[in-house]
Amino acid sequence: MEDLLRRELGCSSVKATGHSGGGCISQGQSYDTDIGRVFVKVNSKAEAKRMFEGEMASLTAILKTDTVKVPKPIKVLAGPGGGSMLVMEHVDMRSLSGHAAKLGAQLAALHLDNKKLGEMLQKEAGTVGRGGGQVERPFVDQFGFDVVTCCGYLPQVNDWQKDWVAFYAQQRIQPQMDMVEKGSGDREALELWSALQLKIPDLFRDLDIVPALLHGDLWAGNVAEDSAGPVIFDPASFYGHSEYELAIAGMFGGFGRSFYSAYHSEIPRAPGFEKRLQLYQLFHYLNHWNHFGSGYRGSSLSIMRSLTK
């Protein structure tokens, strides 16, 4: 591994440190190099290259907003024994505690970044002597992402689409339901989904949704802090509805009142927020069902029953 990193990173010195980590998808190890300490995520699956390329694109996109700290990505490499690796900046992190409110404010800034960019460009276009230059970051007016990203190890369809309701139904829930159908043929789930599709547009009535850059998998295991403030990592980014981000955050705990208070002081809850949050949690319960088995079936069906009443 050290030889591979030396060659690919152009380093003369690479030495493993005592820092390692990992989750249920990939394993990681830190290395001291003459270009600084790096963290290397390794996954032996054949699909890992796609997963890590999506993560690298996600980290790069978040980094460009200059709103919330993420590890700087460096390179996706072929693994020594198959699979792939993602090399990124090493960040000394600890559990989120003192910076929860700051994370709420910074997450809201991330979600508002594209909207504010659009407003600024519109203002410049109407100002004499401004506009017409090369825009470093263009306003994004559709929902999706330039590359496939993975929530867990399952790929997300990120084809650009103008309509958020259609995007969410067709490119988030439908692929998950297709996997449920293929895996178990669960008739009740399929019938409930058929009924729910007719109800979804009502949940978005009179709502103007500007595409927001999302982390995409913001649960407590993917947030931390260092000495300077919050850090988020392991993203599965795309441009979507800002409310979507709060769905998985609320499912497994770890985000205190100060986080939500700071977030909603910048982005207040819109009418119908609670029901849409349920709809967004449905994706994550289905995704967990398809990752980890039918232990998540009950929660998935419960949400669909609740929303079709």
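Residues numbered from 1 in each chain as written. Predicted model: local features only at pLDDT ≥ 70, side-chain atom pairs only at ≥ 80, totals over all residues. Heavy atoms only, no water.

**Observations concerning unusual backbone geometry**
Backbone geometry at Asp66 places phi at a positive 55 degrees, although glycine is not the residue there. Within the element layout of this structure, Asp66 appears in the loop between helix H2 (48–65) and strand S4 (73–78). Overall, Asp66 belongs to the exposed group, its relative accessible area being 71%. One non-glycine residue with positive phi stands out, namely Asp206, at about 65 degrees. By the secondary structure assignment, Asp206 is in the loop between helix H5 (187–199) and strand S8 (212–214). (Helix = DSSP H or I, 4+ residues; strand = E, 2+ residues; numbered from the N terminus. Buried < 20%, exposed > 50% of the residue type's maximum accessible area, 1.4 Å probe, protein only.)

**Describing the pattern of salt bridges**
A full pass over the atoms with the stated rule returns 15 salt bridges. Salt-bridge contacts for Lys49 lead to Glu53; the nearest nitrogen and oxygen are separated by 2.7 Å. Of this pair, Lys49 and Glu53 are both found in helix H2, four residues apart, which corresponds to roughly one turn of the helix. By relative accessible area, Lys49 is classed as partly exposed at 44%. Asp141 is the salt-bridge partner of Lys162, the closest N and O atoms lying 3.0 Å from each other. (Salt bridge = Lys/Arg side-chain N within 4 Å of Asp/Glu carboxyl O.)

**Details of helix H1 (residues 2–9)**
Within the sequence span of H1, burial applies to Leu4, Leu5 and Leu9. Buried residues along H1 cover an arc of 105 degrees about the axis, so they all sit on one side. Of the exposed residues in H1, those oriented more than 90 degrees away from the buried face are Asp3 and Arg7. Phi turns positive one or two residues past the end of H1, at Gly10, with a value near 70 degrees. (Arc of directions from axis to C-beta.)

**Remarks on the pairing of S4**
With five bridges joining them, S4 and strand S5 (residues 84–89) adopt antiparallel strand pairing. From the neighbouring strand, Ala78 faces S5, where its bridge partner is Ser84. A loop of five residues connects S4 with S5, the two strands running antiparallel in sequence, and Gly82 in this loop sits at a positive phi of about 100 degrees. (Pairing = 2+ DSSP bridges.)

**A look at the domain arrangement of the protein**
Examined at the domain level, the protein breaks down into domain 1 (12–90) and domain 2 (95–129 + 136–308). One C-alpha centre belongs to domain 1, the other to domain 2, and the line joining them spans 24 Å. Domain 1 puts 19 residues into the contact, and the matching count from domain 2 is 27 residues. Notably, a salt bridge pairs Asp234 with Lys41, separated by 2.8 Å at the nearest N-O pair. When residues of the side of domain 1 that touches domain 2 are assigned to their parent elements, the largest contribution, 11 residues, is made by H2. In terms of residue class, the side of domain 1 that touches domain 2 is made up of 10 nonpolar, four polar and five charged. (Domains from an automatic or database assignment. Contact = heavy atoms within 4.5 Å. Nonpolar A, V, L, I, M, F, W, Y, C, P; charged D, E, K, R; others polar.)

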